[in-house]
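Geometric and topological summary
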Amino acid sequence: MYYIGLDVHKKTISYCVKDAAGHVHLEGKIGATRRELDAWVKALPQPRMIAMEATIFTGWIYDYLLPHAETVKVAHPLMLRAIAAAKKKNDKIDASKIADCLRCDFLPESYMASTEIRDRRRTLRYRNLVLKQMVQMKNRVSGLLMESGVSYDKQRLHKMGYFTQLFSTSEEISDSIRPLLRLGREHIQRAQRLDRALTSSLEHDPLLSERLRRLRTIPGVGPITALTWALEIGDYRRFRSVKEAISYCGLCSAEKSSADKVMRMPISKQRNKHIQHVLVEAAKMAPRYSHELALVREKEMQRGNKNRATLAVARKMVAYMLAVERRQLDFLPCEDMAGKAVA
């Protein structure tokens, strides 16, 4: 077996090919294009295993090399401490160390979702970007009106009928900001249409539709929460326990233990920030729709910390969603399950 380490960059890829004894067979640098990769792969010895560090460019290279190797692995960048802490660091050394980690089975492997899931996840994250820009534009429109001293209803400002009426009838709006307001409103409307189109395309996708339907049977889980879970989690079977899923979602604190000392740190930054944000926002609303989640929140609120109560609800929601995924059945509240057992 030959072990190949890749140090991937935007325009170039440095590589190092080693055998099981650690002897270097090939080293060099190629361009990060499909044509050069194709020519490079044909010249490599077989059988081979390939490893690379996770970057923004990793996805397409991983997909392209997958049919040409026994195994292609992606390393977690934060776990490759040997490379980051080295005194001398360059692309050639990085590729060699990745090959050594792969050869010695020390590579901190990162999960790579299937191509289908990653393509749909890209669409969802693009929708999140559109939503973020829409919120920024709404705030800018509100700021323009406040700067000019225009009186308006904050709750109704961005509704179509109210904004049109305000724009056409208010004498407080000066001519200098009218073109900016018009452009801002057009941008918001385009973003809203794009948001609906992207969300609808994902909801009706045959690959996701049945999975989303089951997830939405959980109280407090709406279309965006279900989509985010399905596309950010990918394969739920990679989590051996609920605790691992909670940790991945960033809903627990970090731990530092040494000898007899155990220190609980703040919420860890090593998490999937996309699903963390969605779950925290969903957990604020979920107790309104579920008696069980309301009890979880009330129990934590008795300790006097509102944020911890929200995290407790979010962790419970993760347990619910993981259970639904594993059983491939719709969610049933405890009351309904008790009623069926009695019957």
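Structure's up top.
This write-up is about the structure you can find in this document. Within each chain, residues carry numbers counting from 1 in the order of the written sequence. A pLDDT threshold of at least 70 governs which residues receive local features in this predicted model, and a stricter bar of 80 or more applies before side-chain atom pairs are shown or counted, although totals over entire chains, interfaces and linings include all residues. Derived side-chain values reflect all non-hydrogen atoms in the structure, with water molecules and hydrogen atoms excluded from consideration.

Things to note about the state of the cysteines
Any cysteine sulfur atom paired with another within 2.5 Å is treated as part of a disulfide. Per the counting criterion, the structure on display carries zero disulfides. For Cys-101, which is in no disulfide, the shortest distance to another cysteine sulfur is to Cys-104 and amounts to 7.6 Å. Looking at Cys-252, it has no disulfide partner, and the nearest cysteine sulfur is the one in Cys-249, 9.4 Å off. A relative accessible area of 24% means that Cys-252 is categorised as partly exposed. Note on classification: 1.4 Å probe, protein chains only; a residue is buried when its accessible area is under 20% of the maximum for its type, exposed when over 50%, partly exposed between these limits.

Side note on the packing of helix H11 (residues 273–285) against helix H13 (residues 306–327)
The angle between the axes and the distance between the axes are what describe a pair of packed helices. Across the interface, H11 lies against H13 with an axial gap of 8 Å and an inter-helix angle of 105°. Classified by the angle between their axes, H11 and H13 sit roughly perpendicular to one another. Every residue of H13 that contacts H11 at Leu-279, Val-280, Ala-282, Ala-283 and Lys-284 is listed here: Thr-310, Val-313, Ala-314, Met-317, Val-318 and Met-321. Side-chain classes are defined by residue name, with Ala, Val, Leu, Ile, Met, Phe, Trp, Tyr, Cys and Pro counting as nonpolar, Asp, Glu, Lys and Arg as charged, and the others, Gly among them, as polar. Taken together, the residues of the contact of H11 with H13 sort by class into nine nonpolar, one polar and one charged. Helix axes use the C-alpha atoms of the stretch in contact, all axes being lines fitted to C-alpha atoms, and the angles between their N-to-C directions lie in the range 0 to 180 degrees. The way it works is that DSSP assigns letters per residue, a run of H or I at least four long becomes a helix, a run of E at least two long becomes a strand, and they are numbered from the N terminus. Here the word oblique covers every angle except those under 35 degrees (roughly parallel), over 145 (roughly antiparallel) and from 65 to 115 (roughly perpendicular). Whether two residues touch is decided by their heavy atoms; if any such pair falls within 4.5 Å, the residues are in contact.

Comments concerning the environment of Lys-73
Note on placement: Lys-73 falls in strand E5 (residues 71–75). Taking C-alpha positions, Lys-73 is 18 Å from Ile-117, a pair spaced 44 residues apart along the chain. Not counting chain neighbours up to four residues away, the residues in contact with Lys-73 comprise Met-49, Ile-50, Ala-51, Met-52, Leu-102, Asp-105, Leu-107 and Glu-109.

Let's talk about unusual backbone geometry
In this chain, Gln-46 is followed by Pro-47 through a cis amide linkage whose omega measures -10°. Within the secondary structure, Pro-47 is located in the loop between helix H1 (34–42) and strand E4 (48–53). Phi at Asp-105 takes a positive value of approximately 60°, unusual for a residue other than glycine. By the secondary structure assignment, Asp-105 is in the loop between helix H4 (91–103) and strand E6 (109–110). Phi at Gln-328 is positive, roughly 55°, even though this residue is not glycine. Here Gln-328 shows up in the loop between H13 and helix H14 (334–342). Using a relative accessible area of 37% as the deciding quantity, one classes Gln-328 as partly exposed.

Quick look at the nonpolar core
Residues Trp-229, Cys-249, Leu-251, Met-317, Val-318 and Met-321 are the most contacted members of the largest nonpolar core, which totals 37 residues. Taken together, the elements giving at least two residues each to this core come down to helix H5 (115–147), helix H8 (209–215), helix H9 (223–233), helix H10 (242–248), H11 and H13. A per-element tally of this core places H13 first, with nine residues. Of all hydrophobic cores here, the second largest spans 20 residues; its members include Ile-13, Val-17, Met-52 and Leu-65. To form a nonpolar core, buried Ala, Val, Leu, Ile, Met, Phe, Trp, Tyr and Cys residues must be joined to one another through side-chain atoms within 4.5 Å.

Some points on a nonpolar patch on the surface
Patches here: salt-bridge-free residues with over 30% relative accessible area, like charges joined within 9 Å, nonpolar side chains (Val, Leu, Ile, Met, Phe, Trp, Tyr) joined within 5 Å. All accessibility values rest on the Shrake-Rupley procedure with a 1.4 Å probe; residue burial counts only the protein chains present in the view. For this analysis, a salt bridge means a side-chain nitrogen from Lys or Arg found within 4 Å of a carboxyl oxygen belonging to Asp or Glu. Nonpolar side chains collect at one region of the surface, where Tyr-126, Leu-129 and Leu-194 lie side by side and expose about 270 Å² of accessible area between them. Inspection of the secondary structure assignment puts Tyr-126 in helix H5.

Notes on the layout of surface pockets
The way it works is a 1 Å grid over only the protein atoms, where trapped points that fit a 1.4 Å probe form a cavity and open points with protein on both sides within 12 Å along at least five of seven lines form a pocket, and then any residue with an atom within 4 Å of a point lines it. Grid points are joined across faces, edges and corners, and a volume is the space filled by probe spheres set on the points. Approximately 1500 Å³ is the volume found for the largest pocket. Lining the largest pocket are 40 residues, with His-76, Ser-110, Tyr-111, Tyr-248 and Asn-272 sitting closest to its centre. Every element with two or more residues in the lining of the largest pocket is listed here: helix H2 (58–65), E6, H5, H10 and H11. The residue makeup of the lining of the largest pocket, split by class, is 15 nonpolar, 12 polar and 13 charged. Volume-wise, the second largest pocket comes out at about 370 Å³. Arg-127, Asn-128, Leu-129, Leu-131, Lys-132, Val-135, Ile-224, Lys-273, His-274, His-277, Val-278 and Glu-281 are the residues that line the second largest pocket. Secondary-structure elements contributing two or more residues to the lining of the second largest pocket are H5 and H11. Among the elements that take part in the lining of the second largest pocket, H5 stands out by supplying six residues, more than any other.

That's the geometry; what it means functionally is another story.
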